[in-house]
Amino acid sequence: MPATEAQTIADLVSHPRTVAVVGLSPKAHRESFKVSQYMQRQGWRIVPINPNAMEILGEKVYASLTEAAAAEKIDLVNVFRNSEDVPPVVVEALAIGAPAIWLQLGIRNDAAIAKAQAAGMQCVQDKCLLVEHARAHR
């Protein structure tokens, strides 16, 4: 029986992970930066994915998940992209064998998430990783 989204969230935020952040902005006022900085402060390893940057939050930036996975073990893919941009991210996450994908608050793509779930990936959509982590660690 597949886990509920609440069970998946509880599992994913229970301990630090290495998280590839697709769409991580180098701009400190952007949500992707704020969420990633918070997770980094909680002991998580941030692997930025952004083809237009070299370094973010003191970490080397990779142009793609595929490039990042060649150098890092990815436990979770956190997505800060538009909902319509999610399907190719899911395809790439599946190709690198990522065990989990998280679509940030306001990002939903039911078809892409269904494909990921069918392949056995843990999935969360339309939720903020920072909010859910903070809630679980009060």
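Residues numbered from 1 in each chain as written. Predicted model: local features only at pLDDT ≥ 70, side-chain atom pairs only at ≥ 80, totals over all residues. Heavy atoms only, no water.

Quick look at the pairing of strand β6 (residues 100–103)
Moving residue by residue along a regular strand, the side chains alternate between the two faces of the sheet. In β6, alternate side chains face the same way, and those of Ala100 and Trp102 on one face and Ile101 and Leu103 on the other are all buried. Bridge count between strand β5 (residues 76–79) and β6: three bridges; the pairing is parallel. Bridging across to β6, valine 77 finds its partner in isoleucine 101. The parallel pair β5 and β6 is bridged by helix α4 (residues 86–95), and the resulting crossover is right-handed. Pairing of β6 with strand β7 (residues 122–124), which is carried by three bridges, proceeds in the parallel orientation. Across the sheet, isoleucine 101 pairs through a bridge with cysteine 123, a residue of β7. Considered for its hand, the β-α-β crossover made up of β6, helix α5 (residues 110–118) and β7 is right-handed. (Buried < 20%, exposed > 50% of the residue type's maximum accessible area, 1.4 Å probe, protein only. Helix = DSSP H or I, 4+ residues; strand = E, 2+ residues; numbered from the N terminus. Pairing = 2+ DSSP bridges. Right-handed = clockwise from strand over helix to strand, strands pointing away.)

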